[in-house]
Amino acid sequence: MVLMPKRVKYRKCQRGRRKGISTSGSKLNFGEFGLKALENAWLTNTQIEAARVAIMRHIKRSGKAWIRVFPDKSVTKKPAETRMGKGKGAPLYWVAVIKRGRILFEMDGLPIELAQEALRLASTKLPFRTKFIRRGMVQ
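Residues numbered from 1 in each chain as written. Predicted model: local features only at pLDDT ≥ 70, side-chain atom pairs only at ≥ 80, totals over all residues. Heavy atoms only, no water.

Draft legend 1. Region of the structure containing the sheet that holds strand 1 (residues 33-37). Spatially, 3-6-1-7 is the arrangement adopted by the 4 strands of the open sheet, whose pairing is antiparallel. Whereas interior strands pair on both sides, the edge strands pair on one side only; in this sheet they are strand 3 (64-67) and strand 7 (130-134). Direction aside, the axes of adjacent strands within the sheet are offset by 20 degrees on average. Judged from the 4 bridges that link them, strand 1 and strand 6 (residues 103-108) form a sheet pairing that is antiparallel. Among the inter-strand pairings, K36 is bridged to a residue of strand 6, identified as I103. (Pairing = 2+ DSSP bridges. Helix = DSSP H or I, 4+ residues; strand = E, 2+ residues; numbered from the N terminus. Axes fitted to C-alpha atoms, helices over the stretch in contact; angles between N-to-C directions.)

Encoded structure:
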């Protein structure tokens, strides 16, 4: 299951900037435990899927997990050994722009040790540092 938008207004987007902190999506909304980003980065659709699979394999259908990020930005690339000019390349993959403080995954309905290990396994699939958080904890 590859995450990507059904439709977008523009097929090709500009790169934008990855600085700053996340204002929206920085608090736990659904579950008791969460995985919070500590750095700014792009998270690709395959990285999100790899982390999701790692979580689901570890919890074995107990509890519930939520994915709080969605890749809605297209990344384009021109073919290798192509001369300059002749327009922007074709969309290659999709990314979610992650700013530090953003909650990536949430979990509920399982013991803290199981949730902590599942989110640790998920964090190894991600290209930046993360932090395990729980509801009521000072962040």
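Draft legend 2. View of the pattern of salt bridges. A full pass over the atoms with the stated rule returns 4 salt bridges. We note a salt bridge from R68 to E106, for which the minimum N-O separation is 2.2 Å. With R68 in the loop between strand 3 and strand 4 (73-77) and E106 in strand 6, this pair connects stretches of sequence that are 38 residues apart. By relative accessible area, which is 0% here, E106 ends up buried. Residue E117 pairs with R120 through a salt bridge whose shortest N-O separation is 2.7 Å. In this pair, E117 and R120 are both assigned in helix 2 (residues 112-123), 3 residues apart and thus about one turn of the helix distant. Its relative accessible area of 29% is what places E117 among the partly exposed residues. Residue classification places R120 among the partly exposed positions, given a relative accessible area of 41%. (Salt bridge = Lys/Arg side-chain N within 4 Å of Asp/Glu carboxyl O. Buried < 20%, exposed > 50% of the residue type's maximum accessible area, 1.4 Å probe, protein only.)

Draft legend 3. Molecular detail of the packing of aromatic side chains. Counted by the stated rule, this structure contains 2 aromatic pairs. Note on F30 and W66: the rings are 5.6 Å apart at their centroids and 20 degrees apart in plane angle, and the pair reads as stacked. With a gap of 36 residues between them, F30 in the segment before strand 1 and W66 in strand 3 connect regions that are remote in the sequence. Positioned over the ring face of W42 is R18, at 4.2 Å from the centre of the ring. (Phe/Tyr/Trp six-rings, centres within 6.5 Å; stacked < 30°, edge-to-face > 60°. Lys NZ or Arg CZ within 6 Å of the ring centre and 35° of its normal.)

Draft legend 4. Expanded view of unusual backbone geometry. Phi is positive for R61, which is not a glycine, with a value near 65 degrees. Relative to the assigned elements, R61 resides in the loop between helix 1 (45-59) and strand 3. Notably, E81 is not glycine yet its phi reads approximately 55 degrees, a positive angle. Among the structural elements, E81 can be located in the loop between strand 4 and strand 5 (90-98). Take E81: its relative accessible area is 86%, and that puts it in the exposed class.

Draft legend 5. Inspection of the sheet that holds strand 2 (residues 41-44) at higher detail. The strand order across the open sheet built from 3 strands is 2-5-4, with neighbouring strands paired in antiparallel fashion. Each edge of the open sheet carries a strand with a single partner, namely strand 2 and strand 4. Between one strand and the next, the sheet's axes are offset by a mean angle of 50 degrees, whatever the strand orientation. Across 4 bridges, strand 2 lies against strand 5 in antiparallel orientation. Residue L43 lies in a different strand from strand 5, and its bridge partner there is A96. The sheet strands contacting helix 1 are strand 2 and strand 5, and the helix crosses strand 2 at an angle near 70 degrees. (Contact = heavy atoms within 4.5 Å.)

It is worth stressing that arrangement in space is one thing and function is another; only the former is reported here.
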